[in-house]
Amino acid sequence: MGQNNPSAMGGVSKASVEATLTIKLQPVHLDVVDTSGGCGASFDIQVVSAAFEGKRLLERHRLVNAALSEEMKEIHALSIRKALTPQQWKEQQQLQPQVPTNIPQQPIEQQKNLTATV
């Protein structure tokens, strides 16, 4: 059995999910997280593709599932967190507050202590 065969590896790799979605949906943004602890049975996906233009959310999810039809034989859980058009992605990025990277973040416990003493 070949190295790219999910059955030979006992699951689907993150790289194979990324490669398949890249080939079939040509995303401008793709984030794939293996949430199964490395066994390749569960993935969390964000995908931004022009292929989603003019399609409702359900149709977009169906496109993702169809693109991963072979992989879905081995995947037990697929969470499609976002399936957006490039324009929707751009708008979301502009709406998100930009956190300055030069300001050190305090641990939550220190933040709680500061508010409790004020």
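The name an unreviewed UniProt entry assigns to the chain is BolA-like protein, from the organism Sphagnum troendelagicum. Under the heading Sequence similarities (unreviewed entry), UniProt records this for the chain: "Belongs to the BolA/IbaG family."

A. Seen up close, unusual backbone geometry. In this model, Gln26 sits at a positive phi of 45 degrees, which is unusual for a non-glycine residue. Mapped onto the fold, Gln26 is located in the loop between α2 (14-25) and β1 (29-34).

B. Main features of the pattern of salt bridges. The final tally for this structure, using the stated rule, is 4 salt bridges. The shortest N-O distance in the salt bridge between Glu18 and Lys14 comes to 3.8 Å. One end of the pair is Glu18 and the other is Lys14, both in helix α2 and 4 residues apart, which spans about a single turn. When its relative accessible area of 27% is taken as the criterion, Glu18 is described as partly exposed. Residues joined by salt bridges that share partners form a network here, namely Asp31, Asp44 and Arg81.

C. Region of interest: the pairing of strand β3 (residues 77-84). As defined by bridge partners, strand β2 (residues 42-48) adjoins β3 across 7 bridges and the pair is classed as parallel. Bridge pairing in β3 links Ser42 to Ala77. With respect to chirality, the unit in which β2 leads through helix α3 (residues 57-67) into the neighbouring parallel β3 is right-handed.

D. Inspection of α2 at higher detail. The end-to-end C-alpha distance of α2, which contains 12 residues, comes to 16 Å, matching closely the 16 Å that a straight helix rising 1.5 Å per residue would cover. Among the residues making up α2, those that are buried are Val17, Thr20, Leu21 and Leu25. The arc that holds every buried residue of α2, seen down its axis, measures 95 degrees, which confines them to one face. One or two residues past the end of α2 sits Gln26, with phi positive at roughly 45 degrees.

E. Focus on α3. Every buried residue belonging to α3 is among Arg60, Val64 and Ala67, and all of these are buried. Taken end-on, α3 shows its buried residues confined to a sector of 65 degrees, consistent with a single buried face. Among the structural elements, α2, β2, β3 and α4 (86-95) are those in contact with the buried residues of α3.

Rules used throughout
- Residues numbered from 1 in each chain as written.
- Predicted model: local features only at pLDDT ≥ 70, side-chain atom pairs only at ≥ 80, totals over all residues.
- Heavy atoms only, no water.
- UniProt positions renumbered as here; feature names shortened; annotations may be inferred.
- Helix = DSSP H or I, 4+ residues; strand = E, 2+ residues; numbered from the N terminus.
- Salt bridge = Lys/Arg side-chain N within 4 Å of Asp/Glu carboxyl O.
- Buried < 20%, exposed > 50% of the residue type's maximum accessible area, 1.4 Å probe, protein only.
- Pairing = 2+ DSSP bridges.
- Right-handed = clockwise from strand over helix to strand, strands pointing away.
- Expected span 1.5 Å × (residues − 1).
- Arc of directions from axis to C-beta.
- Contact = heavy atoms within 4.5 Å.

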